[in-house]
Structure formats: structure tokens, C-alpha cells
Amino acid sequence: MARPFDVKTIERRWQARWRDEGTYEVDNDDPRERYYALCMYPYPSGSAHQGHVRIYTFGDVVVRYQTMLGKAVLSPFGFDSFGLPAENAAIKAGSHPRLFTEERIVELKSSLIRLGAVYDWRREVRSHDPAYMRWSQAIFIAFYKAGLAYRAEAPVNWCPGCGTVLANEQVLADGTCERSGDLVERRNLEQWFFKITDYAEELLSGLTTLEWPERIKTMQRNWIGRSEGVEFDLAFASDPTKALRVFTTRPDTGFGVTYAVIAPEHPLLEELTADEHHATVRALVQRASKESEIVRTASSEGGAALEKRGAFTGSYVVNPFSDEPVPVYVADYVLGTYGTGAIMAVPGEDERDYAFAEVYGLPVVRTTRPPEDFEGGAYSGDGEHINSGFMDGHEIADAKVLATAFLVSKANGHATVNYRLRDWLVSRQRFWGCPIPMVYCSQCGVVPVPDDQLPVLAPDDVVMDRTGQSPLATHEAFRTTTCPVCGAPAQRETDTMDTFNDSSWYFLRYADPWTPGVAFDPKEVAKWMPVDQYVGGIEHAILHLMYARFYMKALVDIDWAPNIAREPFSRLFSQGMIRLSGTKMSKSKGNLVAPEEYYDTVGADGLRLFHLFAGPPADDFDWTDQTDEIIDGCGRFLDRFYRLAQGHEVNYHEDLDETDVAVRQAVHRAIVRVTDEFEHWSHNIAVAAMMELLNTVSKWARSEHGAQPTVLDEAIDTMLTLLAPMAPHLTAEMWEHRHPEEKSVHQQPWPVADPALLKRDTVTMVIQINGKVRARLQVPPEISMADATTEALEDAVISAALAGVTPKRIVSRPPRLVNIIT
RNA sequence: GGGGGCGUAGCCCAAUUGGCAGAGGCAAGGCGCUUAAACCGCCUCAAGUGAGGGUUCGAGUCCCUUCGCCCCUACCA
């Protein structure tokens, strides 16, 4: 591609200048209005791919645009540098994950610099930096001391491929590991948890205050899964002093309870199991205990399989509504970790209960009258209650109130709320993560590592095999220590933290990585938080964004973070994915298109423009055979603009005339359009508006009549400022040529449109007869309804078409149209 | 099974939020420039909005039905 300028030289030159002059470094005492622009920090996987280019281009446009608006923009960067891929790669290569990771960081950083993305690199954060780990660990200890971290034995998802436990969030719907694809097993292990469930209600209610995509808020709401209901006792038929406690969201269906179900891991199961049923119950419990929750709750199995999934215990409990005894079953479709781990089963109104009842021949009692035409088993819709004693005739809402009161008085009941959200399992049995800073002493129990001994760092000579235990546990010198309290021999915790911990507070560290003795100074953090604009991928809709919200709230509550923002990210934008023939473009799929090849042809500016132009930023983009041609087109646009600015084939005239005014109007309308589209994340239209403007200006300037020089200068300078956030190198270069004595285009104020030039003298008004366009009139934009009607009727074409017919009705919508109905 | 999104020229996408279906780009074709080609410049081409129905003076936009594709989620009592 022959270009009118040397793209490589220009881009490298400006990148060096931004770095050397610290153009986008910003201090915490900057007097300007503050703006915190943040892109999710990447896992360093090597050179940037198009997905990186896309997100960091959007982010960079925000930074440069907000800067031109006169704000002090905090634009930090860092690397989420702990994680499995580095560890696996190191195992394979026989090297150390640190070496591997740091090489990848150098690669990624250099390709982002070549993209022209600008950051305050003084604030760079790397998860694996001991200076950062020290505080990740201090936060862990602070959470522990605040009662937010606890250790418990729990059934966990164990991935045999990764040799570690996984969070529920890392297990796919089919029960396989999201990373290795192996079938996840269930194991009971002692693990560390964070009490994110303490914040369930706030994590839910806080969503309403956030300017986030509705889709992501919905996903978080579903993940939290709030249900209102009643907890109450089902007394043992054999012994009324004992009871099975259950939770239901449908207490109103109580008269339809024909059996109860208890989870395989429920503590009362043993007691409820009659001797002759022990064998079948034990078999079921054993089978369930091996499967992950995800597999257990996978719904695809039919009736035949259900038979293996439940068993009668031989015991009965009493339905408090009917006072009838009902059988107690154990079944794996009831989870020990939700609600009370036991349910009242209502096959008439619950599909799962119905399916189970069918298999086991249990009775079905309807308590809600289904519609006449209802066919099928369970009916969960609203309707008049039947077979329900004191609730008969009431609909669900009323009946729930009555049933709740009944259970409160009769069955030790109380209204309660349950959440699907579970506490966050943070232990990982891997090497390349932040060690959990705890010591186990046989005398003193669990003891946090003292502050002056942080960070706890892993030694370098650890064998990272896959024996299924933590690599650190195999390192004797690391594992054995002395108790910080009593000095007796003790053992270190050898698990590391889930890497989502690192990404849950990095944005706070960015705001103040400098104050000694603290993770960050709340006073400094208060100057920037909350983040004004967060940009990142949809894949983090639940995990990272939920955990970071939890950390923020918890850090405020332990007085580490300022009590000004309990929500870390005010606005969130989630860009679409790049796909290649329908699948996500990713390194693991090996279908990357490297940006480097474009840096030498259309340049970073051309590639950036393409990503902005390619389609709505929120939508996925399909990379196809045609994509290179679109990218070339973006490069051509820059070339045309450059030539115009050089005066190539431009003609001139002296005196201002109406063609010049028309161009000025186009320029000022473009200011409004580009500004609006930036605000609404419609960069594709902003670029289109710039292309349109260039077409207009270019045609005018290259016509025989030519351009008025002052107007042409205004047009080109305005276009340079509007384009500056999108194509920062070339615009900076061109601006410097035109205004060598002035500050860089990136330090120019964002242009403001002159209202007088936005005003149109006339607009086209459409005259329709019965909805068909018959005439177009030029009218003043402020024309009244009456005048619009009059002008329409007086139009020659219209009056001829009407031919004396009196209109039935005239719809006048000035200045857009008049519709005459005959 | 539940939730969400998207179907507009050959392709990617706009459409003042209910008011003339076309802003921009790609591709294709033509002309000019050129010894020729590339580049460059100018011009042209094309859909009635997946299908059907409804509301309305008026529907790409709102409602219902239906088809196709994509994403998320999945026994949470």
C-alpha cells in the first residue's frame, strides 16, 4: 500500500514522545476535574491479539477524549499475571512461571505501545509483584480478622486435569472444567472461603445504581438468585419433638405436600433412614458424593434415570397443613448447600417434584386450579386455591400470606430469604498464585502471618507436578515454620489464592501505588474512585465484576477504602467479541490475526479506526475474508484526509460565499455528531460521520470553485481534533505541521459547535396524501402546525391531486411532514 | 426448560427513537488519469426491512404469531 506519509516513522515518533514527555501521566493532586478511565487488566498471554486491540482502542479513545474535555484522566495499566496458563507452560518447558510470564508481559506491553494506547505507566500493577502480593495477603488477613474469611471442609469441585479445586463459576454446565475440559469430580476438602453471601442483598440492590449494560445486571441478579419464602418444621411422625426443617417459596401449596425430600449430605439422613432401607440409601449417597453439584443438577436425564437418583428412607414426617404423615425420600436433586437441605415436595405445582412423584408412584394433590385447557403435570401458574382448607378461593399472593402466618403459629416457621449465591471458595492447589498467608499451629490453631513477615513468597525451587496436592506442600522448607504466636513448630498454608482476588482490588492500587505502609491511602483513593468508565469483556459479567464489588464493600467496611463509593465501577461498557468463522478468537483456539502486520501497512491509526468503525462496539464482530479490505478502506480514509490537508488538488477562492457557509455547517454538525456518538458508544457512526465530512469538504475544496482558505483551515483543524482520539498519531503529526508553535492536538480543547451554524434555515417537509409522498417543501424549521397545513394545501401539486376533494383529516407534524387523509 | 439479543442492498452497517428506507464503508460495474497496471479521482448499481397478522393517518421501529441464527443460564425448592 503506497501511502502519502511514512506511517511507521510517524507512529514510533509519537509513541516515543508520549512516553518521554509523560503526556498521560497524571498526579493525584491534579487540579482539573477528575476522570478515572479503566480497562480490565489483561492476563499476559503474549503479543496483543485483535481482542486486545479492540478493548484498548475503545479505552484509549475514552482517555484521549476526556483529556481533551479538560479533565485529569487517570489511565493506568497492569497485568493479571498469576494464573494457570503460565504454570502449565512452565511445567511443559521445565522453566519457571515467573520467567514465562514476564516475557509475555514485555511482548504485550510493546504491542500495546505500538497501538498508541497511552497510560500512566508509573502506576503499573502486576499481580505477581511482591510489592502487590504483600497487600493481597494483608487484605486476606484483614478479611480474616473481620470474620469475612473462614476455613471449612466443603464439597468442592475438583478438576483432575488442572489438579486443583475450582469455583462453581469455573465449572461449565456439562460438568466439565472450563479450562481443561475434564469432568469435574466432587471432593471434601478443607478450604478457605470469603463470606460474599454476607453482601448478597447489597450486591443485588446496588445494581440499580449502576450504569451497566442491562444484560450484565440481569446475569448478576440471576447469579445471586434471591428467593423469598418460609422456613418451617416437618415433625417426625415417630417423634414429634424432632423435626426436619424445610424451605419453600410456595407455602401456599402446603396442602399438596405428599412427601418430603432430604439431600444426600443432610445430617439427619442417618437418623431418618430405617434399617431395611440402609443399603439403597447408602448406595445413593455414595454415588451422589462422587459427582459435582453441576452434574448432579444437570436436568437432561429422564424418568428411568430418576429411579437411581432417589430412595425412600422408611421414615415419615407430618404435613402441618393436613396433619397427615408423608414419606421422606432422599434424592440428589435436593442440594445440601441450598436452603435447609430438605424440601417439602408438592408434585401438583412443582415440575421436579411431579417427575419424581411419577417415578415413585407418589400421590399428586392439586392446590391451585389450573386453566381449563391445561394439560400436563405440575401447574405453577396463578389460580384459585383448591383442596387447601383455609386458603381455598384465594390466589397465590394472598394464600402465601395466610400460609406463612399459619406456619409461624403452628410449625415454628418464619419468613426468610435464600440466595443462590454461595460463599467464595478462594483456595487453589496451584503454585502460580498468591500464597495464602496463614500458619497452622497445633497449640494456637490458625494464625495469620504477622504483618512484618509479609509477603509470604513461594521459593523458586518448587516442583510443580500434578500429584493433586499443592506444589508448595511438597517443599519442606516452605511448609514447615514456627508459630508466630508461641514459637512452636508449625505448618504453613500451602494453597494459593484464586487469581480473582488479585483483580478484585488492582483498581484501588492504581489510584495510589505510592503511599508507604498501606495498600493504598483512602484519602488518595477517594480522589479517583469510583471508576467513571470501566471497559471490559462480557466474559467477566459475573465472576470478576461480582468479586470486585464484594471486595470494594468489604474494604470500605474494614476502613481500608474510603466510604465514598461502595460500588467500584459507575459505568461499565462491555465490548463485543471478535470471532473468526463463528468462534471466539483466542490463543487457545489458535485462530488469532496478529495486529503487527497491520502496524506496518495501515498503521496503528488505520487499525484503530477499523475497530471503531467495524460495527456497534457492543456487538460481536465476525472477522472474514473481507475484513482486510475494510481495514484498507480505513487506511485510505486517512490518506485522503492527509492529502486534503496538504492542499493536494485543492482550489481556492477569496470571498466567503454560501458554499463556504454550507461547509462550516457540515463541520459543526459533525462536532455534535461525533461528540454524541462517543457518549453513546457508537463509535462506528462517529467514524462514518468523519468520512462523510471528509467527502463534503474534499468535494468542495477540489471543485473548480474551490475553498475559502479560512474555512478550509477551520474544517481541517476541527477534523484533526475530532479524529485525534481515534487516530492519535497521524493527527498529532499533521497538527504539528500546521501549528508548530502550538501545543499538541491532544492538548487542544475538544471542539464546541457554534449553535448558529447548527441552525438550519429551511428543512424539507414531506407532504403526503393518504400516506403517499406527493410533494416536498422547503420550510423554516420552526413552522407552526397551521402554517404547515396551509402551505401543504396551497402547494400546486397537492391541490391538483386533491382536485377539490375536502380532506377528512390532516395530520400536521411540522416541520417533518403533513399527511392529508381523504 | 428459563432469560436476553439479532435478522434492513452481494457483505459490514445507518435511519433524528412512530414520520421521505440510506449516512458511511466493502465488493461489483463504468469513465477519467496511465504506454499499461497499481494508486488516485468521478460516476453507477442495488434492499422495501426473515415471514404472516395487528395497532396507527403513518411501522424497519410498538404488539401478537412464526422461522432462522447467536449468547447467557439451567432441578436453587
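Since the model is a prediction, treat every value here as computed from it, not as a measurement. (Residues numbered from 1 in each chain as written. Chains lettered and ligands numbered in written order. Predicted model: local features only at pLDDT ≥ 70, side-chain atom pairs only at ≥ 80, totals over all residues. Heavy atoms only, no water.)

## Side note on helix α17 (residues 543-557)
End to end, α17 covers 21 Å across 15 residues, agreeing with the expected 21 Å (1.5 Å per residue, within 8%). Here α17 lies mainly inside the structure; 14 of its 15 residues are buried. A positive backbone phi angle near 70° is found at Asp-559, which sits one or two residues after α17. (Helix = DSSP H or I, 4+ residues; strand = E, 2+ residues; numbered from the N terminus. Expected span 1.5 Å × (residues − 1). Buried < 20%, exposed > 50% of the residue type's maximum accessible area, 1.4 Å probe, protein only.)

## Description of the packing of aromatic side chains
Using the criterion set out here, one finds 57 aromatic pairs in the structure. Between Phe-390 and Phe-406, the aromatic rings sit 5.0 Å apart at their centres with planes inclined by 35°, giving tilted as the arrangement. One end of the pair, Phe-390, is in the loop between α12 (351-360) and α13 (396-410); the other, Phe-406, is in helix α13, with 16 residues separating them in the sequence. In this structure Phe-390 comes out as partly exposed when scored by relative accessible area, which is 36%. (Phe/Tyr/Trp six-rings, centres within 6.5 Å; stacked < 30°, edge-to-face > 60°.)

## Concerning the pairing of strand β18 (residues 445-448)
Bridge count between strand β17 (residues 438-441) and β18: 4 bridges; the pairing is antiparallel. The partner of Val-439 across the bridge, within β18, is Val-447. The hairpin turn running from β17 into β18, its antiparallel successor, is 3 residues long. (Pairing = 2+ DSSP bridges.)

## What about the pattern of salt bridges?
This model, assessed by the stated rule, comprises 51 salt bridges. Glu-736 serves as the salt-bridge partner of Arg-17, at 2.6 Å between the closest nitrogen and oxygen. You can see Arg-17 sitting in helix α1 (residues 7-20) and its partner Glu-736 sitting in helix α24 (residues 728-738), a full 719 residues away along the chain. Taking the shortest distance from any N to any O, the salt bridge between Asp-713 and Arg-738 comes out at 3.1 Å. Placement of the pair is Asp-713 in helix α23 (residues 709-723) and Arg-738 in helix α24, with a sequence separation of 25 residues. Among the residues examined, Asp-713 registers a relative accessible area of 40% and is labelled partly exposed. Taken together, the shared-partner salt bridges connect Glu-202, Arg-549, Lys-553, Asp-557, Arg-566 and Glu-567 into one network. (Salt bridge = Lys/Arg side-chain N within 4 Å of Asp/Glu carboxyl O.)

## What to know about the sheet that holds β18
Pairing is antiparallel across the open sheet formed by 4 strands, whose spatial order is β18-β17-β20-β19. Strands with a single pairing partner mark the edges of an open sheet, and in this sheet they are β18 and β19 (480-482). Within this sheet the neighbouring strands show an average axis-to-axis angle of 40°, counted without direction. Across 3 bridges, β17 lies against strand β20 (residues 489-492) in antiparallel orientation. Considered in β20, the bridge of Cys-441 is made with Ala-490. Each of β17 and β18 is contacted by helix α5 (residues 130-145), which is oriented at about 130° to β18, the strand it contacts most. (Axes fitted to C-alpha atoms, helices over the stretch in contact; angles between N-to-C directions. Contact = heavy atoms within 4.5 Å.)

## Thoughts on the sheet that holds strand β10 (residues 259-262)
In a beta sheet, neighbouring strands are held together by backbone hydrogen bonds and run either parallel or antiparallel to one another. Here we have 4 strands laid out as an open sheet, ordered β11-β12-β10-β13, and mixed in their pairing. Of all strands in the sheet, those bounded by a partner on one side alone are β11 (310-318) and β13 (342-345). Going from strand to strand, the sheet's axes swing by 25° on average, the running direction of each strand aside. When β10 meets β13, the two strands line up antiparallel, connected through 4 bridges. Among the inter-strand pairings, Ile-262 is bridged to a residue of β13, identified as Ala-342. Its contacts with the sheet place helix α9 (residues 278-290) against β11 and β12 (325-331), and it is angled at close to 115° to β11.

## Brief notes about the packing of α23 against α24
Contact geometry of α23 with α24 gives a least axis separation of 9 Å together with a crossing angle of 145°. For the crossing formed where α23 meets α24, the hand is left-handed. Packed against α23, whose contacting residues are Asp-713, Ile-716, Asp-717, Leu-720, Thr-721 and Leu-723, the element α24 presents Thr-731, Met-734, Trp-735 and Arg-738 at the interface. Here the contact of α23 with α24 is built from residues that sort into 5 nonpolar, 2 polar and 3 charged. (Left-handed = near helix turned anticlockwise from the far one by under 90°. Nonpolar A, V, L, I, M, F, W, Y, C, P; charged D, E, K, R; others polar.)

## Considerations on the environment of Asn-188
Tracing the backbone shows Asn-188 in strand β7 (residues 185-194). The exposure class assigned to Asn-188 is partly exposed, which follows from its relative accessible area of 49%. For Asn-188 and Ala-154, which are 34 residues apart along the polypeptide, the C-alpha to C-alpha distance reads 5.2 Å. For Asn-188, the residues in contact, after removing those within four places along its chain, are Glu-153, Ala-154 and Pro-155.

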